[in-house]
Amino acid sequence: MLIPDLDNVRKTLQRYPFPVDVIVEVTAFCNLKCIMCPQKSLTREKGEMSLELFQKIADEVARENPATRIWLAIMGEPLFLGEKLVKMVKYAKDNGIKSVNLNTNGLLLTPDLSDRLIDAGLDYIIFGIDAFSKETYVKIRVGGDFDQLNKNIDYIIEAKTKKKSDLPTLILQYIVMGENEEELEAFKSHWLGKGQVVKIRPKLGWGTGVKADNLNLPDSERDFPCSWLARTVSIHWNGKFAQCDADYDGKFSPGNLHSSTIKELWQGELAQRREKHWNLDFTHDLCSECKDWQAGRSIFIYPENKKPPR
């Protein structure tokens, strides 16, 4: 069982004038039904973000704090967007955003799309794998193709070498859960042996969206603000804000990007919710039953030929 380092979480928490991470759902459609994700139970409308709306997000981040990281993630598979995704990445990078990153299951990463994302300047790709063996993979990443995924990753590794590009940094993610914990060491050895970064984190509950028995600390140990609420903002495909990943269904939205800016909501309604956490008030409907605060920070393991970012 993965034991979270909560002291390390406490050290990262402070009051930020603008979010550290802006998580952007460029699409709410996904090609898998993973057991640790609530995507399959979404009740809100699904769609994909317009290029114009993404550009509005990128423009504000570039203006307010270019060091704020943009993550293309949340409930959908961004690679569905194909060339449109490349345009989003290139626009953000061309406008000075220092870190533009992609969370993906990797199955739709064609050779052409790999080449284009490298050329667009993408900084990180996190591949959700969560297994060393095919047998375990198909139980967790329901609907996935283990062989195709590995083929796609091998291609982009080779493409980076041919292009003599250090970017994007490839991160192979392993969410530890009962179904796969025995394969963790083999997974680490395999990908580190290929010169890639490994990310390990515990299973999350997405608020109350997924059963996560590993998050079993008593509420009496909850003596610090939620790091997601303190550091991040989530924006759904239609411009609707979510408080955090626990609001994956968008039921507690503090506002919409069509009528507000990120900064206005960050320093307004979201600031009020954050202040309650600083006062150890976790009575908000999203927070009262959420256990994700105890997941700790993800663990990143770097191969010998790569150094962690400063």
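See the structure printed just above.
Every value quoted in this text rests on a predicted model; they were computed, and no experiment measured them.

1. Details of empty space enclosed by the protein
Tallied over the entire structure, the rule returns 2 cavities of 30 Å³ or more. Its boundaries defined by the atoms lining it, the largest cavity holds a volume of some 140 Å³. If you trace the largest cavity, you find 15 residues lining it, with Cys226, Cys244, Ala246, Cys290 and Asp292 closest to the centre. Grouping the amino acids of the lining of the largest cavity by side-chain chemistry returns 10 nonpolar, 2 polar and 3 charged. Taken as a whole, the second largest cavity spans an internal volume of roughly 50 Å³. Taken together, Arg273, Lys276, His277, Asp281, Thr283, His284 and Cys287 make up the full set of residues lining the second largest cavity. Taken together, the residues of the lining of the second largest cavity break down into 1 nonpolar, 3 polar and 3 charged.

2. A look at the pattern of salt bridges
Should their charged atoms come close, side chains of opposite charge can pair. Counted by the stated rule, this structure contains 21 salt bridges. For Glu48, the salt bridge identified is with Lys84, shortest N-O distance 2.8 Å. Residue Glu48 is found in the loop between strand 1 (21-24) and helix 2 (51-64), and its partner Lys84 is found in helix 3 (residues 83-94); the two are separated by 36 residues along the sequence. Classification of Lys84 as partly exposed rests on a relative accessible area of 21%. Each of the salt bridges in this network shares a partner with another, and the network as a whole consists of Asp7, Arg10 and Asp223.

3. Observations concerning the sheet that holds strand 2 (residues 69-72)
Read from one edge of the open sheet, 9 strands run 8-7-1-2-3-4-5-6-9, paired in mixed fashion. Every interior strand has two partners, whereas the edge strands, strand 8 (241-242) and strand 9 (299-301), have only one. Two strands pair when backbone bridges link them, and strand 7 (residues 232-235) and strand 8 are joined in this way by 2 bridges, in the antiparallel orientation. Note that in strand 8 the partner of Ile235 across the bridge is Phe241.

4. A few points about the side chain of Asp247
Within the secondary structure, Asp247 sits in the loop between strand 8 and helix 9 (262-266). One buried charge, Asp247, has no salt-bridge partner; the nearest side chain with opposite charge is Arg273, at 5.6 Å. Setting aside residues up to four positions removed in sequence, Asp247 forms contacts with His236, Ala242, Phe252, Ser253 and Leu286.

5. Remarks on helix 10 (residues 269-278)
Listing the buried residues of helix 10 in full gives Leu270, Arg273, Arg274 and His277. Mapping the buried residues of helix 10 onto a view down its axis gives an arc of 100°, with all of them on the same face. Packed against the buried residues of helix 10 are helix 8 (227-231), strand 7 and helix 9. A positive phi of about 60° marks Leu280, the residue just after helix 10.

Conventions adopted
Residues numbered from 1 in each chain as written. Predicted model: local features only at pLDDT ≥ 70, side-chain atom pairs only at ≥ 80, totals over all residues. Heavy atoms only, no water. 1 Å grid on protein atoms, 1.4 Å probe; cavity = no way out; pocket = protein on both sides within 12 Å on 5 of 7 lines; lining within 4 Å. Points joined across faces, edges and corners; volume = space filled by probe spheres on them. Nonpolar A, V, L, I, M, F, W, Y, C, P; charged D, E, K, R; others polar. Salt bridge = Lys/Arg side-chain N within 4 Å of Asp/Glu carboxyl O. Helix = DSSP H or I, 4+ residues; strand = E, 2+ residues; numbered from the N terminus. Buried < 20%, exposed > 50% of the residue type's maximum accessible area, 1.4 Å probe, protein only. Pairing = 2+ DSSP bridges. Lys, Arg positive; Asp, Glu negative; His and termini not counted. Contact = heavy atoms within 4.5 Å. Arc of directions from axis to C-beta.

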